[in-house]
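Topology and contacts: notes
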Amino acid sequence: MNRVVITGLGAVTPLGHTAREYWRNLSEGVSGLGPLTLPVESETLTQKVAAEVKGFDPMQHFEERVIPQLDRVSQFAVVAAREAIAQAGIKFDMALSVRTAAIIGTGVGGQTTHDDSFRRIYKENRPRAYPLTIPKLMANAPASQISMHCGLRGPAFAVASACASATHAIGLAFHMVRSGAVDCAVTGGTEACLTYGTVRGWEALRVMAPDMCRPFSADRKGMVLGEGAAMLVLEPLERAKARGATVLAEMVGFGMSADASDLIAPDVDGMSRAMQGALDDAGIAANRVQYINAHGTGTTANDETETQALHQVFGAHAKKLAVSSTKSMVGHALGAAGALEAVATVMAARDALAPPTIGWLGRDPACDLDYVPNEPRKMDIDVALSNSFAFGGLNAVLAVKRFA
Amino acid sequence: MTDVTNDVVGIIAKKKRIEKPTVELTDRLEDLGLESIDAVEMIFDLEEKFDIQIPVNANNPRTEFDTVGQVVKAVQQLVDEQKNK
């Protein structure tokens, strides 16, 4: 089995359009939340806050003629993938291209295209849709566009598990590189879900915070939606060494589970089994973990349940963990969240710095761990977990190790 | 029983497939077996029925309903406000 390393990162986020800028802001505790500024009908929404990718101009990244083929969700994905590949310094010749996977998570695919099309058909009563409506909105469009724009000819497909999509995608890619099924993988997640229709749907769930996302904090009011994309380049350690690449961190474990209980309520046992699965897959004892990038949505239910699951898996060691939720800074980017958080986890291990949970007001008795409140913390991180727990009870956890 | 009470009790009873006359205003929603998804659906049904906006957030215990009577009271108040507009 190959040891698998991360040699490239890319990101388009509410805190910057590159992985470097994103991480710099995360590590300084900057908030990417702000007023929701949808172009259409947004004044009637009760939800006023979101973490938007601001100032993203597709003309800076794509030829004008291909832009109508790319939903915002695919634009983010391709830009992040290009950055990750450039950082890895890989040129894909035909031999490597056919052995490289593109496995991309997305929760809901091309929502902008959906929304625009439905508005046109139902509201404006136009008799026809735009010709590329279907290939723009399909959930595999981001994977297909990365394959086409970056010239990747190996296994390529989408993974959908709502808020865990990217983590499932990265974990699957990790296992494929580890087993030798492929020689390289470009993997991550993307989401552009801030449309009138989807925000209305989220409002109806009654889980959204009116102002800020305050994970694990007393007086937290729920989650805030985000958007963006993040991508990682994974390859075998031997290949990275042979070509003299800079290794950012090692990916060592992946665990997954299903709750088989409730559609929306989280489950201690399902979360625990996914975390334990990642540790077992890595062959690493729980007490060697220092940092957890939590799912930490900021809802009452998730944060309490995730805390209980951390106690269950880590026992007395749980109190020694630094646990933070970067969703406090970039909101919940659903199918991209796991990739944004995997990038944060890799950089946390590499830079020996735990990003904070910002907006933290004080202790909730049900959340009794160390959540790195409000201020980043310099600390050695040898092993870290990145947690993702999706609606539908689908859980996925990655284990990342500092590369020394 | 007022019209609003009748409708609210009807929506709750239908949701849980219980006999309407057995639902009391003092009954707790939790004791009637209304779980989180049921509560969200009940609020939607009430908003649709009365054309009102009920400000409930699952993360804010102060906005959540405990008993059937509290739901009736809140809906009645919102319906009255609607009429006076």
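For the structure given in this document, a descriptive report is provided here. Everything quoted here is computed from the prediction, not taken from an experiment.

1. Section: the overall build of chain B
- In terms of regular secondary structure, chain B is built from three helices and zero strands.
- The linear arrangement of helices and strands in chain B, starting from the amino end, is α-α-α.
- For chain B, the C-alpha radius of gyration of 12 Å lies close to 12 Å, the compact-globule estimate for 85 residues.
- With the principal axes as the frame, chain B shows a C-alpha extent of 35 × 30 × 20 Å.
- Counting across all 85 residues of chain B, residues that qualify as buried make up 36%.
- Considering only residue pairs separated by 6 or more positions, chain B has 59% of its internal contacts joining residues 24 or more positions apart.
- With an accessible surface of roughly 5400 Å², chain B has 48% of that area assigned to carbon and sulfur atoms.

2. What to know about the overall build of chain A
- Summing up its helical and strand segments, chain A has 13 helices and 14 strands in all.
- Rg of the C-alpha trace for chain A: 20 Å, near the compact-globule value of 22 Å for 404 residues, within the 12% margin.
- Along the longest, intermediate and shortest principal axes, the C-alpha atoms of chain A span 65 × 55 × 40 Å.
- Across the 404 residues that make up chain A, the buried fraction comes to 62%.
- For chain A, the proportion of contacts with a sequence separation of at least 24, taken over those separated by at least 6, is 79%.
- Roughly 14600 Å² of accessible area belongs to chain A as shown, and the carbon and sulfur atoms make up 54% of that amount.
- When the 37 positive and 40 negative side-chain charges of chain A are each reduced to one mean point, those points stand 4 Å apart.

3. Examining the interface of chain B and chain A
- Taken residue by residue, the interface counts 13 residues in chain B and 16 residues in chain A.
- Note on chain B versus chain A: buried area summed over both sides is about 1000 Å², and carbon and sulfur give 44% of it.
- Taken together, the links from chain B to chain A amount to one salt bridge.
- Put simply, chain B and chain A have nine residue pairs in polar contact (both at pLDDT 80 or more) between them.
- Taken together, the residues of the side of chain B that touches chain A sort by class into seven nonpolar, four polar and two charged.

4. Description of the pattern of salt bridges
Residue and element names in this part refer to chain A.
- For the coordinates displayed, the defined rule picks out 27 salt bridges over all chains.
- E227 is paired through a salt bridge with R72; the nearest N and O atoms lie 2.8 Å apart. Within this pair, whereas E227 is found in the loop between α8 (196-205) and β7 (228-236), its partner R72 is found in helix α2 (residues 72-88), the two being separated by 155 residues in sequence.
- For R72, a relative accessible area of 25% gives the class partly exposed.
- As a salt-bridge pair, D303 and R220 come within 3.3 Å of each other at their nearest N and O atoms. In this pair, D303 is assigned in helix α11 (residues 300-314) and R220 in the loop between α8 and β7, connecting sequence segments 83 residues apart.
- For D303, a relative accessible area of 0% puts it in the buried group.
- In this structure R220 comes out as buried when scored by relative accessible area, which is 5%.
- If you follow the salt bridges from partner to partner, you end up with R288, D380, D382, K401 and R402 in one network.

5. Considering helix α3 (residues 68-84) of chain B
All names here are of chain B.
- With 17 residues, α3 extends 25 Å from end C-alpha to end C-alpha; this agrees with the ideal 24 Å at 1.5 Å per step.
- If you check which residues of α3 are buried, you get V68, V71, V72, A74, V75, L78 and V79. Down the axis of α3, the sector holding all buried residues measures 170 degrees, keeping them to one side. Set apart from the buried face of α3 by more than 90 degrees, the exposed residues are K73 and N84.
- In the core, the buried residues of α3 are packed alongside α1 (3-16) and α2 (36-50).

Quick notes on the rules
- Residues numbered from 1 in each chain as written.
- Chains lettered and ligands numbered in written order.
- Predicted model: local features only at pLDDT ≥ 70, side-chain atom pairs only at ≥ 80, totals over all residues.
- Heavy atoms only, no water.
- Helix = DSSP H or I, 4+ residues; strand = E, 2+ residues; numbered from the N terminus.
- Rg over C-alpha atoms; globule rule 2.2 N^0.38 Å.
- Buried < 20%, exposed > 50% of the residue type's maximum accessible area, 1.4 Å probe, protein only.
- Contact = heavy atoms within 4.5 Å.
- Areas by Shrake-Rupley, 256 points an atom, 1.4 Å probe, with all protein chains shown as cover.
- Lys, Arg positive; Asp, Glu negative; His and termini not counted.
- Charge placed at Lys NZ, Arg CZ, Asp CG, Glu CD.
- Buried area = accessible area lost by both parts, 1.4 Å probe.
- Salt bridge = Lys/Arg side-chain N within 4 Å of Asp/Glu carboxyl O.
- Polar contact = N/O pair within 3.5 Å; in protein donor to acceptor, adjacent residues only side chain to side chain.
- Nonpolar A, V, L, I, M, F, W, Y, C, P; charged D, E, K, R; others polar.
- Expected span 1.5 Å × (residues − 1).
- Arc of directions from axis to C-beta.

These values are about where atoms sit, not about what they do.
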